[in-house]
Amino acid sequence: MAEPQDPSSTGTDAGAAAAQTRQFISFRVGDDEFAIDIMAVREIKGWTETTILPNQQEYMLGVLNLRGTIVPIFDLRCRFGLGLTTATRSHVVIIVAIGGRILGLLVDAVSDILTVNAADIRPVPDVDQPVDSAFLAGIIAVGDSMVVLLSLENLFSHHGPADTAVAA
Amino acid sequence: MKRKILTVDDSKTMRDMVSYTLKGAGFEVLEAEDGLKALGLLATTRVDLIITDINMPNMDGVTLVKRLRASGGHMSTPILILTTESGDDKKAGGKAAGATGWIVKPFAPEKLLSVVNKVCPA
Amino acid sequence: MPTPTFGSDELAQFRKTFFEECTELLADLEERLGALAAFSGDIESLNAIFRAVHSVKAGAGAFGYSVLVGFAHRFEALLDRLRDGKADLDERTLAALVAAADVFSALIDLARQDETPADDFGADVAEELAALLDGDGPARPAARVASEAPEASAERIYRIVFRPNAELFRHANEPLYLIRELKTLGTLTVDCDLSRLPPFEALNVDDAYLSWTMTLQAECRPAAVAEVFEFVDDECELTIEEIAATPAVQAEAVAVTPAAPAPAARATPTPAPATAARTSGATAGKSAAMSSIRVDLARVDRLVNMVGELVIAQAMLAQQFVESHDREDSAGLQGFEHLAGLTRELQECVMAIRMQPLKSVFSRMPRLVRDVSHKTGKEVRLEMAGEQTEVDKTVIEELADPLTHMIRNAVDHGIEDTAARLAAGKPAEGVIRLSAQHAGSNILIHVEDDGAGLNRDRLLDKAIEKGIVPPGAKLSGEEIDELIFAPGFSTAAAVTDVSGRGVGMDVVRRNIMALGGRVQVVSTLGRGTRFTLVIPLTLAVLDGMVVAVGWEKYILPLTSIVESFRPDRGQIRSVPGGGEVASIRGEFVRLVHLARLFGVHEAVDDPSQGLVVLIELANGSKLGIVVDELIGQQQVVIKSLQDNHDPVPGISGATILGNGRVALIVDIEELTRLNDRSDRAARRADAPPRPLLVNA
């Protein structure tokens, strides 16, 4: 899925210039568009039924067999506090690698691959966001719309069993 | 069925080396650090071969051999004594007590295995 | 002096063990020598010092530390004389011993540092030792059997007459093995002489009646033939003579005299006719020695994984076959059963590659106990058992820290000081027992002490004080014991520099749980404490029983299942405080509803409508697990959940079923704990409905 970075024009500046563009995969959850770093993405697959892990957070949907690896799947809509997804076969699971672990994110649909200049990534404004700002790493303008860049690390850094409170 | 060997030696290094060599060759290895503990183990476990050092606290190797040959379930079990080259009299003493054979230490692993297979072949 | 041909990794490990041992032996030696110097030593001290030097010498020889070996040889020789009473322990000798011990210790240090000492290192002391040995001179060089250079292929013929006497049998030497060994040297013809065999009734089982005359055609030298009999030449009559190839020219055979045993003899060989070199298939004394090879651990891991995948693939294939074929296709089914058996065997072999005995971890403990007991001024003895118990290599590495913690704690906090022990009527010396054993598909490691035991009142007070437990909380005895695993918990009155805050038990528990295991504690005030580590053998395979609970399937370890039954309503009782028990054959067994514990809906709740699976836990107690039904036995490849997820209480791992779906493996050891929590807590309001899969 990962496409090579666009090399920049001049040779000597190649390193610095290449660092200026980053690529993301954007996807839709509900009415909002989000994006994650393409380097973290391993695979995209359709939704299949998971095996439930007992006594987990609501947004933890269980585990899947991914060619022999047991992969936990998380409902992003639910993680954002927007309710559970009624998953169907047309829903999508994005398999990512974070912090040495492989996990899956259930989203509504994948939208696009975005190639963005680092300079065009804006900080998160202080207005009401659809999700907790701790999860957000920035905002990207794509055409008329805003795509919210997610911080995957923060999204799952406090994942634990059901008795710990969830930041809504 | 794996052949079972008991190695008796108060030196951990020696036990480790014997054990490692024998296990690598497919034997099951039990260990005891002196003759007394060996007797205790042998009272409840059958082994196919015993390899014992001579100089040990609590009960030395020659006494162990004598005891084993006197009575019990291991009267006909092959026993090898570990001896250093200067211990010719110890070798003879061990043999006289009833040992089946001996291995000179320090030993090369192949030598150990060849002597073991000599007195206790598969 | 040839060094043994172990791989360099093993050699490094043995070397490490050796130097650890040297430290211990030297310490012992110094102590004993001190006793001798103070005239409070005895023959046992001399024996112990002798053994210490002897052991170091043997090990040093194995690693090629020749100067050390040479010195040790003299040192040992003098000690041998002394303990045999053939020399006097006078002042001069004692001084020499002390000086020798110093040189000895220094040589060991140099060896440890991998430095070669100068050839004349300690020469003056060595000379003094020699002088005391009455001019026996320098150590006799090690008599080694030089490996024979292979002879140019000249066929020889040997005539061997062998008659064992009764003693040979008593020493467990076996003529059959000897004859077989001769066979490996070349072509052997054997003739057995039965003439001395008495009639059956007169047969004495302890006597030797048989003798053999054999002809060996081989390329080996006579020494090789004699070597076959090296252990028995005192216990038999033996003649080995070389004769010419052609029957026409024969050397005069030495007559066999029954009276006196004849050592291996060789008549003057007639020049062997240079027959055309015939390949006689002789392998000059090649033994069936097997060697070992070093393998990169990553390769072994890969092999283990691949075999695991193979097992899963085979299970899936078998399932598909069953689903798409006639049940009556027994040939096909037999084929699959055969395949399953082969795969299973392959898996066991592969697993065995990674197994290692616990001794490498256990062996550090005596030293640790000695150190800590010295530091704390307590008298403690360590007993160990089960060091040969084998566990996967990865597990062994992870056990070192937790065990060290626990043993340290046991000495520091478990065992009381001598005065307290005597006052309590206990022997002054405390005992710590470290043991290991297999139990089903787990390994149990016990760390047990006969110390003061856990003081529950104090524990509870501390816990309340630290806010771990609310004041006025009512906890059962076992629950209070469990408090020691709470993070940051310590009841040490003073912080000792030995174990810091005195506990690391929360870390220990975390480490063990990361291995998929558990730590349990049982304690009696005043009598002692026992910690038990229950660790799965990290075998990637489990014999499992697949059970259905609602829409979910779970795996229970088959080896822990005693039986399963459907109880009558009458067999089921409620227990005050929550929970249910079932009576079976007179005993009451606690019931665990997996559906409740795991939040599974639409499962059978009434045990009399479902099934109770009776399991036996590691500590021998029994539990009844309520399920909907049994699906079937299956060999299951364990996949870790924890590669990509935090540990889930009650679940020890996962597997992939034949239909490709993930099934969770239940951690039965944890169920009791989870059950208690769940029974005591108020029934939760029904969890929100799970999303149903809607077919688009």
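Refer to the structure above for everything that follows.
Residues numbered from 1 in each chain as written. Chains lettered and ligands numbered in written order. Predicted model: local features only at pLDDT ≥ 70, side-chain atom pairs only at ≥ 80, totals over all residues.

1. A word on the pairing of strand E19 (residues 622-627) of chain C
Residue and element names in this part refer to chain C. How we decide: Counting other C-beta atoms within 10 Å of a residue's own tells you its class, since 20 or more makes it buried, 12 or fewer makes it exposed, and anything in between is partly exposed; those C-beta atoms are placed from the backbone. Helix and strand assignments come from DSSP, with helices taken as H or I runs of at least 4 residues and strands as E runs of at least 2, each series counted from the N terminus. For two strands to pair, DSSP has to find at least two bridges joining them.
Within E19, 5 of the 6 residues are buried, which leaves the element mostly enclosed by the surrounding structure. Across 4 bridges, the pairing between strand E17 (residues 587-593) and E19 is parallel. Paired with His593 across the bridge in E19 is Val626. By the bridge criterion, 6 bridges tie strand E18 (residues 611-616) to E19 in an arrangement that is antiparallel. Pairing of Leu611 across the sheet is with Val627, part of E19.

2. Regarding the nonpolar core
Stated formally: Each nonpolar core consists of buried Ala, Val, Leu, Ile, Met, Phe, Trp, Tyr and Cys residues. Their C-beta atoms, within 7 Å, join them into a set. For each domain, the first and last residues come from an automatic or database assignment. The contact rule is simple: place each C-beta atom from the backbone, and if two of them lie within 7 Å, those residues are in contact.
Counting 87 residues, the largest nonpolar core has A:Leu106, C:Ile555, C:Leu556, C:Leu594 and C:Ile625 as its most contacted members. Viewed by domain, this core spans two of them, domain 3 (299-353) and domain 5 (541-680) of chain C, each represented by three or more residues. If sequence neighbours within four positions are ignored, C:Ile625 has contacts with C:Leu556, C:Val592, C:Leu594, C:Val612, C:Val613 and C:Ile615. Within the second largest apolar cluster, 78 residues are counted, among which are B:Leu42, B:Val116, B:Cys120 and C:Tyr65.

3. Thoughts on helix H1 (residues 12-24) of chain B
All names here are of chain B. Definition in use: Here, expected helix span is obtained from the residue count minus one, scaled by 1.5 Å.
Taking 1.5 Å per residue as the helical rise, H1 with its 13 residues ought to reach 18 Å, and the 18 Å between its terminal C-alpha atoms agrees with that figure. Among the 13 residues of H1, 10 are classified as buried, and the element is accordingly described as predominantly covered. Listed as buried for H1 are Lys12, Thr13, Met14, Arg15, Asp16, Met17, Val18, Ser19, Thr21 and Leu22. One or two steps after H1, the chain reaches Gly26, where phi turns positive at roughly 95°.

4. Description of the interface of chain A and chain C
Here is the rule: Each residue gets one label: Ala, Val, Leu, Ile, Met, Phe, Trp, Tyr, Cys and Pro are nonpolar, Asp, Glu, Lys and Arg are charged, and the others, such as Gly, are polar.
Contacts between chain A and chain C engage 26 residues on the former and 26 residues on the latter. Of the residues assigned to the side of chain A that touches chain C, the class counts are 13 nonpolar, 10 polar and 3 charged.

5. Some thoughts on unusual backbone geometry
Positive phi, close to 55°, is recorded for A:Asn55, a residue that is not glycine. Take A:Asn55: it is sitting in the loop between strand E3 (41-46) and strand E4 (60-66). A tally of 19 C-beta atoms within 10 Å means that A:Asn55 is categorised as partly exposed. Although it is not a glycine, C:Arg585 adopts a positive phi angle of roughly 45°. Tracing the backbone through its elements, the reader meets C:Arg585 in the loop between strand E16 (580-584) and E17. What makes C:Arg585 exposed here is the crowd of 5 C-beta atoms within 10 Å.

6. Examining the packing of helix H1 (residues 8-37) of chain C against helix H4 (residues 91-112) of chain C
Residue and element names in this part refer to chain C. Counted only if it meets this: Convention adopted: a line fitted to C-alpha atoms gives each axis, helices being fitted over their contacting stretch, and angles between N-to-C directions are expressed from 0 to 180 degrees. Oblique is the label for any angle not covered by the other classes, which are roughly parallel (under 35 degrees), roughly antiparallel (over 145) and roughly perpendicular (65 to 115). Each crossing is labelled by how the near helix is turned from the far one, with a counterclockwise turn of less than a right angle marking it left-handed and a clockwise turn marking it right-handed.
H4 packs onto H1 with a crossing angle of 165° between their chain directions and a minimal axis gap of 11 Å. Classified by the interaxial angle, the pair formed by H1 and H4 is roughly antiparallel. Of the two possible hands of crossing, H1 and H4 adopt the one that is left-handed. Counted together, Phe19, Cys22, Leu26, Leu29, Glu30, Leu33, Leu36 and Ala37 of H1 and Leu94, Leu97, Val98, Ala101, Ser105, Ile108 and Arg112 of H4 form the full contact between these two elements. Across the contact of H1 with H4, the residue classes break down as 12 nonpolar, 1 polar and 2 charged.

7. Quick look at the pairing of strand E8 (residues 430-439) of chain C
Looking at chain direction, strand E6 (residues 380-385) of chain C and E8(C) are connected through 6 bridges and run parallel. Across the sheet, the residue bridging to C:Leu382 is C:Ile432, located in E8(C).

8. Thoughts on the sheet that holds strand E9 (residues 442-449) of chain C
Residues and elements named next belong to chain C. The strand order E6-E8-E9-E11-E10 describes an open sheet built from 5 strands, whose pairing is mixed. Here the strands that pair on one side only, and so sit at the sheet edges, are E6 and strand E10 (518-524). When the angles between neighbouring strand axes are averaged without regard to direction, this sheet yields 15°. Relative to strand E11 (residues 528-536), E9 is paired through 8 bridges, and the arrangement is antiparallel. By the bridge assignment, Val447 is partnered in E11 with Phe531. Across the sheet, helix H12 (residues 365-376) is in contact with E6 and E8; its angle to E6 comes to roughly 165°.

9. Some thoughts on H1(C)
Between the first and last C-alpha of H1(C) there are 41 Å, a value that for 30 residues agrees with the 44 Å anticipated at 1.5 Å per step. Within H1(C), burial applies to C:Phe14, C:Arg15, C:Thr17, C:Phe18, C:Glu21, C:Cys22, C:Leu25, C:Leu29, C:Arg32, C:Leu33 and C:Leu36. Residues of H1(C) that are buried sit in contact with H1 of chain B together with helix H2 (43-63) and H4 of chain C.

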